[in-house]
Structure formats: C-alpha cells, structure tokens
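Each chain, letter by letter, is given below.
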Amino acid sequence: PFRVDDTRVVIDAIHPAVEVAPDSFQTKMPRWASVSPDGRTVVFETLGKLWVKPMGGGSAKRLVNGNEDEVQLWPTWSRDGRTIAFVGWTDAGLGHVKTVSAGGGSARVVTTDAGHYARPAFSPDGRTIVYERTEGGYLTAARGSENPGIWRIPTSGGTAQRIVKNGGEPQFGAANDRVFVIGSAAGKRQLVSYDLNGEAKRVHATGDLINDFAVSPDGKFFAFRQNYQAFVMPLLPGTQDVA
C-alpha cells in the first residue's frame, strides 16, 4: 500500500486551424530542376506539372497547356535552348516522350507506342532524343513493359530503335553519334559509351559508391557523385577506364 501527494495541471489541447484547400500555396518539393543553356531560365516539376521560372527571380508559370490528368516528368533542354523534352504519363494511357517549346504551349508526342519511359536527352544537333524504356508491374501497370533498354528516336518522330538492353541515364557529350550511359560491372558503377547502333563499347570510368555520372556538353569532362560528394575529372579520349 502507498499514497501519492501530487498536483497535476490540465490545459486545453491545441487545435490549429488548417486550411484544407487554399487558393494558392508554396510548394516544397520541386524535382528535376534544369537550367537552360543560356543560364536565364530554370524548368522543374512540382505537383505533377512542369514550370519555368527566370533564374534572376520572378513568378513561375506553367510550361505545358492542357491535359490536367497528365503527370509530366524528367524535363530536359535542347542544346539551343528552344525546346524541352519530357515524359508525359497517365495511368490509363501510360507514358510518352514529348516535346514542347521553351516558351510554353501545347506538347507534341514523339513516341508512337505507349510505355514506361524515363530521362530523355537531346543530341547536340537536336535531331535525336535518347531515353530509357523500363518495365512496370509494381506501382504501375505491367503492360507496355516490352523491350526495356536505352532507345533513340528522331526528334520529329518516327521509328524508335533500341541502342542497348542495359544501362540508364543516357546522355551526349559533344558528338551526335555517341551515347553515354551508366552501367555496372562487378558491383561497381561505370560510365560507358556506345555508337548509335549499340556497338563500339567504351568504358570511361569505374568506381565504388558512385551514384551518378554526367558528361559535360563539350565532352571534355565528366562529373560524378561518390559517397555524397561531387567530383569533376577530364574525360580522356579513347578507351581508357579511369578507376
């Protein structure tokens, strides 16, 4: 048996007022921010739509007109800064690679077949777009998962051709006829390049704990992120593998 001599104070619980559907609010999750080649404009995704905003400050505006049901992903600039490519997605219609004027407007569909597309990139001359074709079946529909890999297609549309079956994040350096991709071997990430037919493979760099490789537009350097730090190195000509 025991006794407790104590005093407790009970206060009213806090009931903050939360506005459920305000007319406007500030988003906190922009993704895939990409600066234009002239450094004046940034394009990014938030709330499933693409927006452009001056780098010097100002208001953001929607880039693509219409189709409110579409989610817009992975925006990327052409080298001349006139066009932006992206992936448009709907659950019913799956995804397509699309392009839109950098000034905004209606998008044009580039790919013919609906599928699971990601990370488009322009060639330096703007005539070709390379992209990932992936598989669905987990959070997204399994249909449209045929023939995954790195693909290319004319920017004006037409027949798509697969470059390689494996790899990710396709990109160009200074040349129009060589594609860089991120691959892997023996548990390490690699920066690899191929010609547009998936031949003449070259391994340029290999490393542990590497997340990303990015080739400079002039093809003279590459950047990579390793263990939460960023590095830049010369991109050597030929087939030298920098470990």
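Residues numbered from 1 in each chain as written. Predicted model: local features only at pLDDT ≥ 70, side-chain atom pairs only at ≥ 80, totals over all residues. Heavy atoms only, no water.

Visitor: Describe the side chain of Glu45, naming the residues involved and giving the relevant values.
Guide: If you trace the backbone, Glu45 turns up in strand 2 (residues 41-46). Among the polar contacts made by the side chain of Glu45, one reaches the main-chain amide nitrogen of Gly48 at a distance of 2.8 Å. Apart from the residues within four sequence positions on either side, Glu45 is in contact with Met29, Pro30, Arg31, Trp32, Leu50 and Gln72. (Helix = DSSP H or I, 4+ residues; strand = E, 2+ residues; numbered from the N terminus. Polar contact = N/O pair within 3.5 Å; in protein donor to acceptor, adjacent residues only side chain to side chain. Contact = heavy atoms within 4.5 Å.)

Visitor: Go over the packing of aromatic side chains with me, naming the residues and quoting the values.
Guide: Each aromatic ring pair is characterised by the separation of its centres together with the angle its planes make. Scanning the entire structure with this criterion turns up six aromatic pairs. Residues Phe213 and Phe222 carry aromatic rings whose centres are separated by 6.0 Å and whose planes lie at 55° to one another, so their mutual orientation is tilted. Classification of Phe222 by relative accessible area gives buried; the value is 2%. Ring pairs connect the aromatic residues Phe213, Phe222, Phe224 and Phe231, which therefore count as one cluster. Positioned above the aromatic ring of Trp151, the side-chain terminus of Arg133 is 5.9 Å from the ring centre. (Phe/Tyr/Trp six-rings, centres within 6.5 Å; stacked < 30°, edge-to-face > 60°. Buried < 20%, exposed > 50% of the residue type's maximum accessible area, 1.4 Å probe, protein only. Lys NZ or Arg CZ within 6 Å of the ring centre and 35° of its normal.)

Visitor: Account for the confidence of the model for the chain, with residues named and values stated.
Guide: Any segment with low pLDDT has predicted coordinates that should not be analysed in fine detail. In the predicted model, the chain carries a mean pLDDT of 93, and 99% of its residues have values of at least 70. Within the chain, strand 16 (residues 202-207) has the poorest average pLDDT of any element, 92, and strand 5 (residues 71-77) the best, 98. (pLDDT = per-residue confidence, 0-100.)

Visitor: Describe the environment of Asn211, listing the residues and the values that go with them.
Guide: Of note, Asn211 is situated in strand 17 (residues 210-215). Separated by 14 residues in sequence, Asn211 and Arg225 have C-alpha atoms that sit 5.6 Å apart. Beyond its immediate stretch of four places on either side in the chain, Asn211 contacts Arg189, Arg225 and Asn227.

Visitor: Can you lay out the pattern of salt bridges for me, pointing to particular residues and giving the numbers?
Guide: All told, the structure shown has seven salt bridges when counted by the stated rule. Here Arg31 makes a salt bridge to Glu45, at a shortest N to O gap of 2.8 Å. Placement of Arg31 in strand 1 (residues 31-35) and of Glu45 in strand 2 is noted, with a sequence separation of 14 residues between them. Arg225 serves as the salt-bridge partner of Asp212, at 2.5 Å between the closest nitrogen and oxygen. Residue Asp212 is found in strand 17, and its partner Arg225 is found in strand 18 (residues 221-226); the two are separated by 13 residues along the sequence. Given a relative accessible area of 24%, Asp212 falls into the partly exposed group. (Salt bridge = Lys/Arg side-chain N within 4 Å of Asp/Glu carboxyl O.)

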